[in-house]
There are 2 protein chains.
Amino acid sequence: MTDINAPIGVFDSGVGGLTVAKEIMHQIPNERIVYFGDTARVPYGNKSKETITKFSRQIVRFLQTQKVKAIVAACNTASAFALDEIEREVDIPMIGVVKPGVKAALKATRNGKIGVIGTEGTIASRIYPQYIKEMNPDANITGKACPLFVPLVEEGLWRDPVTDEIARRYLAELIDIDIDTLVLGCTHYPLIRETIGKVMGKGVVLVNPAYETARELKELLRRRGLLREQEAKLGDDMYQFYVSDSSEKFKQFANSIIKYGILSAKTINIEKYERSVEITGWRKKY
Amino acid sequence: MTDINAPIGVFDSGVGGLTVAKEIMHQIPNERIVYFGDTARVPYGNKSKETITKFSRQIVRFLQTQKVKAIVAACNTASAFALDEIEREVDIPMIGVVKPGVKAALKATRNGKIGVIGTEGTIASRIYPQYIKEMNPDANITGKACPLFVPLVEEGLWRDPVTDEIARRYLAELIDIDIDTLVLGCTHYPLIRETIGKVMGKGVVLVNPAYETARELKELLRRRGLLREQEAKLGDDMYQFYVSDSSEKFKQFANSIIKYGILSAKTINIEKYERSVEITGWRKKY
């Protein structure tokens, strides 16, 4: 029996997934969260499917040692490359950010022309077009990789002529084909939402999958009878943060995204969560 | 006895170190090379000393299994954070790119005012000022981190108004203090040497540590009687390339740096080269 009071595991390549964690905190405030950011190996966006699957598998194993009741892959690249394979290996529910983003985009579009921007990996995986075609064969989707957006965000150039110029270059082809909906397919992109919106123009709806992901997680927990009713009390150990690199740096950036005081970020050795490590509750299906 | 025909180990966080490998191939063409690029965990520049030391130690252990006769840390961040500690643990000579860069800068400067640009990690380590002060207490050195240069190079914007603009911002303070010598303290930077040179102006000498590193390596091998005399013959297995992520991507970028056909890049699991792994010739000093 799964413990209803168990935490939800949320992971990302680094700090970006905190935008998803924040949305979960907002929509289901009674839920406890264990967050893992793979800051020693970030970014994921320009690495291979094999490598991202291996990293994600190690993280899922770590989260299982934390006895989580569900896992959210808050990273688009991990959702695109690794989720399908890993969810078959574990006996707790897993959700990613891609499907929720696709659903939100299909709800928002009026002319059926959807754009999606993301890392090289996410776009090359062609997972967005695949899901969209599955849900609505008439919809038309165009992907565009924007590799410089993450470094620009991390350099703090959220509102800057250089970011404007790069956005104009990346987005030109999406404007040309007259999309009316754009999925922000990387957790960093909502942070430059204003720049992207300005370039795309007012007629284009920007979809942030974080909101829809938290909504879908809530729905999933409710359906399985796993939604925590108990209200969070002062002194509860609600949120725990783990990282693979130094926790100091993580806390700095994290605090610019989440206002909750991230006091307890701990560094762990993620590489040791290998296939050979014995993990309670781990179900071998492969 | 070290085998004079053994290869030289060269490592980097990814592809950038190939600029150093290329210089070694050019200056000591009889030497065999085993190159490792940590493409699964790249970049190193924004990660902590602890993480970079751990990664570098794994790589050094891997290179030792390849029976190398010397090791070159071709990455500035690894040279800055990890070299001092790791060279005490191994019984083969190791050199980095920082000391050679410092020597070249001290030779080049006329007014004693030297600038160094690099990753956040390299600049924060303050290793360049430390070495320069040791070699010439009168010299004046100013460091500046340029985190966007690597993503801009990797996006191919080697000659581009955006790179010009970012370079003007990063370098402004170095121009203001009237340096006459600038160390390109990251292996990617020589690829935008033209942009950096244009912004700094003709009076400023740009120092690429790769040249001096290869020269110093040659000198070191000669001193220890390890310089390979035997001329490379057609069919010799001269250069081997290993990476931690997919080798396909590596080969693409690598071939834009080195014209030698990189046919044999292999992916290895670098994480398994842990302290507990038994390695022949490994001398425990700690």
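Conventions adopted
- Residues numbered from 1 in each chain as written.
- Chains lettered and ligands numbered in written order.
- Predicted model: local features only at pLDDT ≥ 70, side-chain atom pairs only at ≥ 80, totals over all residues.
- Heavy atoms only, no water.
- Pairing = 2+ DSSP bridges.
- Helix = DSSP H or I, 4+ residues; strand = E, 2+ residues; numbered from the N terminus.
- Contact = heavy atoms within 4.5 Å.
- Axes fitted to C-alpha atoms, helices over the stretch in contact; angles between N-to-C directions.
- Core = buried A, V, L, I, M, F, W, Y, C linked by side-chain atoms within 4.5 Å.
- Buried < 20%, exposed > 50% of the residue type's maximum accessible area, 1.4 Å probe, protein only.
- Phe/Tyr/Trp six-rings, centres within 6.5 Å; stacked < 30°, edge-to-face > 60°.
- Buried area = accessible area lost by both parts, 1.4 Å probe.
- Salt bridge = Lys/Arg side-chain N within 4 Å of Asp/Glu carboxyl O.
- Polar contact = N/O pair within 3.5 Å; in protein donor to acceptor, adjacent residues only side chain to side chain.
- Nonpolar A, V, L, I, M, F, W, Y, C, P; charged D, E, K, R; others polar.
- Parallel < 35°, antiparallel > 145°, perpendicular 65-115°, else oblique.
- Left-handed = near helix turned anticlockwise from the far one by under 90°.
- Least-squares fit on C-alpha atoms with pLDDT ≥ 70 in both.

Let us now look at the sheet that holds strand E10 (residues 266–267) of chain A. Residues and elements named next belong to chain A. On the basis of which strands lie adjacent, the open sheet formed by 6 strands has the order E4-E3-E1-E2-E9-E10 and parallel pairing. One side of each edge strand has no neighbouring strand; the edge strands of this open sheet are strand E4 (94–95) and E10. With 4 bridges connecting them, strand E1 (residues 8–12) and strand E3 (residues 70–73) associate as parallel partners. Each residue of the ladder has a partner; that of Ile8, found in E3, is Ala70. Contacts from helix H1 (residues 18–27) reach E1, strand E2 (33–37), E3 and strand E9 (239–243), with the element oriented near 170° to E2.

Take the nonpolar core next. Judged by nonpolar contacts, the single largest core of 50 residues is most densely connected at Ile196 of chain A together with Ile196 of chain B. Listed by contribution, the elements that provide at least two residues to this core are helix H8 (149–154), helix H9 (161–176), strand E7 (181–185) and helix H10 (193–200) of chain A together with helix H8 (149–154), helix H9 (161–176), strand E7 (181–185) and helix H10 (193–200) of chain B. Aside from chain neighbours lying at most four places away, what touches Ile196 of chain B is Ile117, Phe149, Leu171, Leu182, Leu184, Tyr189 and Leu206 of chain B.

On to the packing of aromatic side chains, then. Counting across every chain of the model gives 18 aromatic pairs over all chains. Ring geometry for Phe62 of chain A versus Tyr273 of chain A: centroids 5.4 Å apart, planes at 70°, classification edge-to-face. Taken together, the residues Phe62 of chain A in helix H2 (residues 49–65) and Tyr273 of chain A in the segment after E10 connect sequence positions 211 residues apart. Take Phe62 of chain A and Tyr273 of chain A: they sit in the same class, and that class is buried. Their ring planes at 45° and their centres at 6.3 Å tell us that Phe241 of chain B and Phe250 of chain B sit as a pair that is tilted. As far as the burial class goes, Phe241 of chain B and Phe250 of chain B line up, both buried.

This next bit is on the interface of chain B and chain A. Counting residues at the interface gives 33 residues for chain B, matched by 33 residues for chain A. Interface of chain B and chain A: buried area, both sides summed, is about 2300 Å²; carbon and sulfur atoms make up 47% of it. On inspection of chain B and its partner chain A, the count reaches 6 salt bridges. Between Lys54 of chain A and Glu271 of chain B there is a salt bridge, and its shortest N-O distance comes to 3.9 Å. At the boundary of chain B and chain A, one finds 18 residue pairs in polar contact (both at pLDDT 80 or more). Sorting the residues of the side of chain B that touches chain A by element identifies helix H2 (49–65), H8 and H9 of chain B as the ones contributing at least two each. At 6 residues, H9 of chain B tops the list of elements feeding residues into the side of chain B that touches chain A. Of the residues assigned to the side of chain B that touches chain A, the class counts are 13 nonpolar, 8 polar and 12 charged.

Let us now look at the packing of H9 of chain B against H10 of chain B. Residue and element names in this part refer to chain B. Contact geometry of H9 with H10 gives a least axis separation of 9 Å together with a crossing angle of 50°. If you check the angle between H9 and H10, you find them oblique. Crossing geometry of H9 relative to H10 is assigned as right-handed. Judged by residue contacts, Thr163, Asp164, Ala167, Arg168, Leu171, Leu174 and Ile175 of H9 engage Thr195, Ile196, Lys198, Val199 and Met200 from H10. Per-class residue counts for the contact of H9 with H10 are 7 nonpolar, 2 polar and 3 charged.

Looking now at the relation of the copies chain B and chain A. The two copies are related by a screw operation: chain B maps onto chain A through 180° of rotation and 0.0 Å of translation along the axis, at an RMSD of 0.0 Å. Interpreted geometrically, this transformation is the action of a two-fold axis. Every residue of chain B has its C-alpha some distance from the rotation axis, and the shortest such distance is that of Arg41 of chain B, at 2.2 Å. Both copies present the same face, since 100% of the interface residues in chain B are matched by interface residues at the equivalent positions in chain A.

What follows concerns the pattern of salt bridges. The final tally for this structure, using the stated rule, is 36 salt bridges over all chains. Between Glu194 of chain B and Arg159 of chain B there is a salt bridge, and its shortest N-O distance comes to 3.0 Å. You can see Glu194 of chain B sitting in helix H10 and its partner Arg159 of chain B sitting in the loop between H8 and H9, a full 35 residues away along the chain. In terms of burial, Glu194 of chain B and Arg159 of chain B fall into one category: exposed. We note a salt bridge from Glu165 of chain B to Arg168 of chain B, for which the minimum N-O separation is 3.4 Å. Of the two residues, Glu165 of chain B and Arg168 of chain B both sit in helix H9, 3 residues apart, roughly one turn of that helix. By relative accessible area, Glu165 of chain B is classed as partly exposed at 26%. For Arg168 of chain B, a relative accessible area of 46% puts it in the partly exposed group. Taken together, the salt bridges that share partners define one network made up of Asp38, Arg41 and Lys54 of chain A together with Glu271 of chain B.

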